[in-house]
Amino acid sequence: MHRSTYLVSKLAWAAFTILFVIVLNFFLFRILPGDPARAGVRDPRLTAEAQTAIRERFGLDKPVINCFASLNPLEPGDCAVNPLDTQFFIYAGNLLRGEFGISYHTNRPVVEVLGERLWNTLLLIGAGQILAIVLGMALGILAAWKAHTPVDYGALGFSLLAWSLPTFWLGIILLFWGSAYLGLPVGGKYTPGIDYANSWEQFADLARHLILPSLTYTIVFLGEYMLIMRSSLVDVLAEDYILTAKAKGLNHFQILKDHALKNAMLPMVTIIALNLGFTVAGAVQIESVFSWPGLGGAIYEAVNRRDYPMLQGAFLLLAVSVIIANLIAELLYSYLDPRVGRVNQS
Amino acid sequence: MEQATGGYRGVWRRLRRNPIGMIGLTMLVTAIVVALLAPWLSPYDPNAVSRVTIMDVYQPPSPEHWLGADDAGRDVLTNFLYGARVSLTVGFFASFIAVAIGGLLGLTAGFLGGRTEGVLMRFTDIMLVIPDLPLAVVIVALTKPSLTNIILVIGLLGWTSTARLVRAQTLSVKQRKFVLRARAIGAGNRYIMRRHIFPLVLPLLVVNTVLVISLAILNESTLSFLGLGDPATLSWGQMLNYAFTRGAMSAGAWWALIPPGFGIVWVVLACTLLGQGLEQALNPRLLTHHLAADRTLTALRRLPPDPAPSSEGIT
Amino acid sequence: MSHEVKNRSPLLAVNHLSVDYVDPPHPPAAALREITFTLQRGEALGIVGESGCGKSTLMLALMRLLPAAGRIVAGSVRLDGVELLDLDEQTMAALRWKRIAMIFQGAMNALNPVRTVGEQIAEAIRLHEGVGDRRVLARRVGELLDLVGIAANRRDQYPFQYSGGMRQRAMIAMALACSPDIVIADEPTTALDVMIQAQILQLLADLRRQLQLSILLVTHDLGIVAELCDRVLVMYGGVMAEYADADTIYNSPAHPYTQALLRAFPDPTRPAQKLAAIPGAPPRLNDLPPGCRFAPRCPYVFARCHMAAPPVYAITPTHSAGCFLVANPQGGAA
């Protein structure tokens, strides 16, 4: 396959997956008991005007999709309607315009709330993930280099334990400990009711709030990245070309740097990409424990408040983010591995 | 794999010599025994309606309550022991569903190939990318939270990695000589699959099941913690949900927070270690580590200085 | 040792080299015992034997590149009179590739798949000669590729973009990068088809003449040895079976194992000859027979062979064999 064909096919596949998620997201919320879209219109928390607005905007009087008035197959609908004049296409059209509905809880447009929260999640994941990747890889390299020595066994034991910790529980324990003994804040992004003298003070407050959640994140993912890095590097170090490098007179440091790491990074990138779902799951748990105003926290709050538009929007945004991150990882892989998308001449 | 490594007996022999695997197995068996013996081990009846006063709430550990009391004045040790039942049940049933679906899809895709494989694996790829936990949260939130629903959701969403693994293994087994030979003499698809391919995929499936169990238990505890657990049963995740949302943090009641988490870590760690040990026992690879510490010369007996240039022919 | 070169000290002298593989709690396995040979400047020595006879272990031991379980338990390896087993690791590393380079079998795996061929060749020059200038390196790499018959403009390609024969050529170019004194070629033509095999052997022969290379050629194929080597060391089960010049090995082999090997290998001068496989299998290192390691498969075996391992007897000054059958009264063996 040619390189550009490869890129195009990856892009097309990501687009198709996003489409699938949109369809899934629509039907999940229509199929499952409770039919929140309809029930939601009668939610007492919404004003009468908001209810009318929702009904119109989502075309809730229209059939769900061609031939189906609702998703009850026993209740066939009109197949002759204009397909674009059905709930599904109205929903899709709304999404294109960035209309995700109105939060029952805050009465604000979902997209507005999620927009703010996306950045908070990226901030948290970014801080935790970068630390986890850097530390996890360093530990993994050390363990692989010193494989089957006490150093390796220690690192391995620590990582397996870290991997087995439920994220939310580790968060609870760290929160318990950090707030009681280190005087760290118990949650949120900023201390409420403070007027900051300058932006430096504001940043310091943010940093204090970020310590425990990102530490939780780091510990949980550190173990996983260490395990992946170790096993993939141990495989690479058994390859013939490492022996070649040694026969060439390179020392261990040069061999690791020039011949082992890039090769070991390849499976690492793939697995990080495949595990992006865990990253998101981690965000949901950590943000719930630390009341961090991110997308994951939004899911937790929406569940407990039965705020379906928020839940639907947050899920869609999370899923799409993962798909895009996955796409980026695949492109990164093709950049790292010269064999992808080049003609094999042998 | 089976022939090369001496069959199941060989696997068991290697597992017994694998400390990691044996620690995991022991831990898992202990957890199962505790769950089975919960009614005899528990100091209290979890269903007994007792009169609770405000003094009983978050009572610290004492001779009456070794692990203290929870937000409703119930004995934490009793809840902890019974919680093992819920967590393990969900873990086993959900992973059974997941592995059955994943195994079937993987076998079918790998064996039949062609368009069937394309469609099945494309579908698997999509499901692999959609984040499990948020989807599970959405589904459970929209349905009635019950143990059955949680098992179904975790099982129905947890099969993707199994499917990919089994497909890869099936593809490699399919090319083995005895499968090609069976096909050449006209054996049917179902026969080849049952008699030749499945037995060689099974060991991998067992390792995978152990790991899927740990994921299922983690997922159950997370869903319960997020408030989506079955209100009628008290799993470890549910215990943590109650403790966290009902003031254990501010009451400083660490005894309500530590035991359930410890239980989850115990079982998940057990499965992880057992999985690692099983994998090593099934697939004993002796990798040469080219950067291992150099001990080539540690046993060298030097020759006497200036040896005879040629000593051939002299004993 | 040959008469012509007796007054010159050999380039490489290996004496009584013995290697164990350790795997506690099992007793160590005797992978190599008492290997003794010399290599003169410009000479090609073939090291022949079935897989598992220890020939690859021998090559790795010379470079001090044995796997973690390998232990050199006795012996001496001298390069130009310098004892390699006395050097510290840093000095040894500086000497690798600079003085002894290696051509590995299976160049696909011996070349790093994610770095270009040019980078991998240039790396050796940069390391050992301190050349940092990109243009100088590119020119040197181009010359080396040209020497082995690869167009210089393919230096920026990756190993997977090369054909099997080209990869092996690139491997040879890499081995020549620092103009080493000795090139060890470990099964350089296995996994190549016959035509390519012939080309690679021709290339090695040409390079040897052109560059006055000393070559240690490790192979299981006596045919390859016949084309390239002056002298031959036949190994069996980690010990020396026979050591002589190539003519002697082919025309008057003394060791039963050499004779069996020759019968298993087609002789173009005797087209009607029947090929005979050697019955049995080579010994496993953890299960060596008590006496001669070849005894279980030897057609001429007698009682003594099962009791003691035969020493290496000198038949003539340039021909020796490890077999009781060749023991002569002057040899000193009881």
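Refer to the structure presented above.
Residues numbered from 1 in each chain as written. Chains lettered and ligands numbered in written order. Predicted model: local features only at pLDDT ≥ 70, side-chain atom pairs only at ≥ 80, totals over all residues. Heavy atoms only, no water.

A. Region of interest: the overall build of chain C. If you tally the helices and strands in chain C, you get 11 helices and 12 strands. Against the compact-globule benchmark of 20 Å for 334 residues, chain C has a radius of gyration of 21 Å, which places it among compact chains. Reported as C-alpha extents along the three principal axes, the dimensions of chain C are approximately 65 × 50 × 45 Å. Looking at chain C as a whole, 59% of its 334 residues qualify as buried. A fraction of 63% describes how many contacts in chain C between residues 6 or more apart in sequence connect residues 24 or more apart. In the structure as shown, chain C presents an accessible area of about 13800 Å², 55% of it carried by carbon and sulfur atoms. Distance from the positive charge centre (31 side chains) to the negative charge centre (31 side chains) of chain C: 1 Å. (Helix = DSSP H or I, 4+ residues; strand = E, 2+ residues; numbered from the N terminus. Rg over C-alpha atoms; globule rule 2.2 N^0.38 Å. Buried < 20%, exposed > 50% of the residue type's maximum accessible area, 1.4 Å probe, protein only. Contact = heavy atoms within 4.5 Å. Areas by Shrake-Rupley, 256 points an atom, 1.4 Å probe, with all protein chains shown as cover. Lys, Arg positive; Asp, Glu negative; His and termini not counted. Charge placed at Lys NZ, Arg CZ, Asp CG, Glu CD.)

B. Representation of empty space enclosed by the protein within the structure. Enumeration according to the criterion identifies 6 cavities of 30 Å³ or more in this entry. Space inside the second largest cavity adds up to approximately 110 Å³. What lines the second largest cavity is a set of 16 residues, and nearest its centre among them are Lys246 of chain A, Ala292 of chain B together with Leu66, Pro67 and Ala68 of chain C. Elements with a minimum of two residues in the lining of the second largest cavity: α9 (240–247) of chain A together with β4 (70–79) of chain C. (1 Å grid on protein atoms, 1.4 Å probe; cavity = no way out; pocket = protein on both sides within 12 Å on 5 of 7 lines; lining within 4 Å. Points joined across faces, edges and corners; volume = space filled by probe spheres on them.)

C. Looking closely at the interface of chain A and chain B. The interface is formed by 58 residues belonging to chain A together with 53 residues belonging to chain B. Where chain A meets chain B, there are 6 residue pairs in polar contact (both at pLDDT 80 or more). Looking at the side of chain A that touches chain B residue by residue, the classes come out as 47 nonpolar, 8 polar and 3 charged. (Polar contact = N/O pair within 3.5 Å; in protein donor to acceptor, adjacent residues only side chain to side chain. Nonpolar A, V, L, I, M, F, W, Y, C, P; charged D, E, K, R; others polar.)

D. Focus on the pairing of strand β9 (residues 231–236) of chain C. Residue and element names in this part refer to chain C. β9 sits mainly inside the fold: 6 of its 6 residues count as buried. Neither face of β9 is open: one carries Arg231, Leu233 and Met235, the other Val232, Val234 and Tyr236, and all of them are buried. In this sheet, β9 lies alongside strand β3 (residues 44–48) in parallel orientation, the contact comprising 4 bridges. Looking at β9, one finds that Leu45 is bridged to Arg231. Two strands pair when backbone bridges link them, and β9 and strand β10 (residues 239–245) are joined in this way by 6 bridges, in the antiparallel orientation. Bridging across to β10, Arg231 finds its partner in Asp245. (Pairing = 2+ DSSP bridges.)

E. Structural view of the environment of Gly238 of chain C. With respect to the element layout, Gly238 of chain C can be found in the loop between β9 and β10. Ignoring any residue separated from it by four or fewer positions in sequence, one finds Gly238 of chain C in contact with Ala31, Leu32, Arg33, Ile35, Cys53 and Arg293 of chain C.

F. Looking closely at the packing of aromatic side chains. Here the structure, examined in full by the defined rule, presents 22 aromatic pairs over all chains. Ring centres 5.6 Å apart and planes at 20° place the aromatic pair Phe80 of chain B and Trp236 of chain B in the stacked group. Within this pair, whereas Phe80 of chain B is found in helix α4 (residues 76–112), its partner Trp236 of chain B is found in helix α11 (residues 236–245), the two being separated by 156 residues in sequence. Given a relative accessible area of 15%, Phe80 of chain B falls into the buried group. Residues Phe302 of chain C and Phe324 of chain C carry aromatic rings whose centres are separated by 6.5 Å and whose planes lie at 70° to one another, so their mutual orientation is edge-to-face. A residue pair is termed long-range when its members are at least 10 positions apart, and Phe302 of chain C in the loop between α10 (256–263) and α11 (303–307) and Phe324 of chain C in the segment after β12 (319–321) qualify at 22 residues. In this structure Phe302 of chain C comes out as partly exposed when scored by relative accessible area, which is 34%. Residue class for Phe324 of chain C comes out buried when judged on its relative accessible area of 7%. (Phe/Tyr/Trp six-rings, centres within 6.5 Å; stacked < 30°, edge-to-face > 60°.)

G. Focus on unusual backbone geometry. Residues and elements named next belong to chain C. Phi at His16 is positive, roughly 50°, even though this residue is not glycine. Tracing the backbone through its elements, the reader meets His16 in strand β1 (residues 12–23). With phi around 55°, Arg64 is a residue other than glycine that occupies positive phi space. Arg64 gets classed as buried once you look at its relative accessible area, which sits at 4%.

Any functional reading would require information that these geometric values do not contain.
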